[in-house]
Amino acid sequence: MTPAQHLKWFADTTTWFEAISPSEYEREVPSCPGWKIEDVVSHLGIGLGLAYPFALTTAPGAPLGAAFADVPFPRPMPTGVAARAAFVKHMSNCLTTYKQTDPAHECWTYEGPGAASFWFRRAAIEIALHRGDVEMALGIVPSLLTDQQSLDAIAEAAGLVLPLAADLLGATPQAITLFHDQSGSAFTVGAGPSVAEVHGTGDDVLAASWGRNTDRVVITGDAAAARVWFDLVPVAFARSE
């Protein structure tokens, strides 16, 4: 996907979140244990909308975490109508900043030196994942990603998210292969020969790779090895993803 497509995806999902009434914020979010909808909204508004733009001003060679060292995180995190207000404010600023930034602008990323387009993609995928969480909490059928979106998100999971989670935990799971069945594309994560294949719709394989709805995929080969990978993200990121 192009940077422009990522920004449109990000903007469209942001608009969807803004339409949720704070009267719904007390609902529990089963896929994010211990969180209510207001926690998801607050996490996105502060952890993404407020924090992510700081990465664009961080030197490409900065150490892990340096991009967010100066972010004025509020304590405690906003709740209720304050959470919605913070979401609207910070997401608007984030989108404006991204639209005014050259996608090729050099900056720090989770992969090391990179470009601003990394963050356009990261923001679009993260907020889309959380939309699925909240849709389930609201009791509505989660909206499906397009084949292009789910392919892009699985590629990011295999190339960035899962390896980063493993590194943070000092884990070295056996290699597995994630399949995007709609396109036939496959992504191997981990070193050495792949010991398992994970199949399903793009949405289901993506969800499983992030530790969500892991029973909705078909695993051939060493299922236990695949589930080791599925368990990494919730632990490594402590549900802050």
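The structure under discussion appears in the preceding block.
On a predicted model such as this, the values are computed, not experimentally measured, just so you know.

Q: Sorry if this is basic, but what is going on with the pairing of strand E5 (residues 196-199) here?
A: Strand residues, when the strand is regular, have side chains that alternate between the two faces of the sheet. Because side chains alternate across E5, one face comprises the buried residues Ala196 and Val198, and the other comprises Glu197 and His199, none of which is buried. Sheet topology places strand E3 (residues 176-180) next to E5; 2 bridges connect them, and they run parallel. Opposite leucine 178, over in E5, you have valine 198 as the bridge partner.

Q: Any chance you could explain the sheet that holds E5 here in plain terms?
A: Two modes of strand pairing occur in sheets, parallel and antiparallel, and in both the strands are linked by backbone hydrogen bonds. Strands sit in the order E4-E3-E5-E6 across an open sheet of 4 strands; the sheet is mixed. Edge strands, defined here as strands with exactly one partner in the open sheet, are strand E4 (185-189) and strand E6 (218-221). On average, each strand axis in the sheet is tilted by 20° relative to the strand beside it, whichever way the strands run. Two elements, E5 and E6, share 4 bridges in a ladder whose sense is antiparallel. Residue alanine 196 lies in a different strand from E6, and its bridge partner there is glycine 221. Strands E3 and E4 of the sheet are contacted by helix H6 (residues 147-169), whose axis makes an angle of about 15° with E4. Across the sheet, helix H8 (residues 223-230) is in contact with E3, E4, E5 and E6; its angle to E6 comes to roughly 130°.

Q: Quick question: what am I supposed to make of the packing of H6 against helix H7 (residues 202-209) here?
A: For any two helices packed against each other, the geometry comes down to the angle between their axes and how far apart the axes lie. Between H6 and H7, the shortest axis-to-axis distance is 9 Å and the interhelical angle comes to 20°. Considered as vectors, H6 and H7 are oriented roughly parallel to each other. Crossing of H6 against H7: the hand is left-handed. Where H6 approaches H7, its residues Ser150, Ala153, Ile154, Ala157 and Leu162 are matched on the opposing element by Gly202, Asp203, Val205, Leu206 and Ser209. When its residues are assigned to classes, the contact of H6 with H7 shows 6 nonpolar, 3 polar and 1 charged.

Q: Just to check I follow, could you spell out the packing of helix H2 (residues 37-50) against helix H4 (residues 80-99) for this structure?
A: With their axes 8 Å apart at the nearest point, H2 and H4 run at an angle of 30° to one another. As far as their axial angle goes, H4 and H2 are roughly parallel. Considering only the axes of H2 and H4, their crossing is left-handed. The residues of H4 that touch H2, namely those facing Glu38, Val41, Ser42, Leu44, Gly45, Ile46, Leu48, Gly49 and Leu50, are Gly80, Ala83, Arg84, Ala86, Phe87, His90, Met91 and Cys94.

Q: In this structure, what is going on with the packing of aromatic side chains? I would like to understand it.
A: Here a ring pair, both rings aromatic, is described through the centre-centre distance and the interplanar angle of the planes. One pass over the full model with this rule turns up 14 aromatic pairs. Ring geometry for phenylalanine 17 against phenylalanine 87: centres 5.7 Å apart, planes inclined by 40°, an arrangement best described as tilted. With phenylalanine 17 in helix H1 (residues 3-18) and phenylalanine 87 in helix H4, this pair connects stretches of sequence that are 70 residues apart. The pair formed by phenylalanine 17 and phenylalanine 87 is uniform in burial state, with each residue classed as buried.

Analysis parameters
- Residues numbered from 1 in each chain as written.
- Predicted model: local features only at pLDDT ≥ 70, side-chain atom pairs only at ≥ 80, totals over all residues.
- Heavy atoms only, no water.
- Buried < 20%, exposed > 50% of the residue type's maximum accessible area, 1.4 Å probe, protein only.
- Helix = DSSP H or I, 4+ residues; strand = E, 2+ residues; numbered from the N terminus.
- Pairing = 2+ DSSP bridges.
- Axes fitted to C-alpha atoms, helices over the stretch in contact; angles between N-to-C directions.
- Contact = heavy atoms within 4.5 Å.
- Parallel < 35°, antiparallel > 145°, perpendicular 65-115°, else oblique.
- Left-handed = near helix turned anticlockwise from the far one by under 90°.
- Nonpolar A, V, L, I, M, F, W, Y, C, P; charged D, E, K, R; others polar.
- Phe/Tyr/Trp six-rings, centres within 6.5 Å; stacked < 30°, edge-to-face > 60°.

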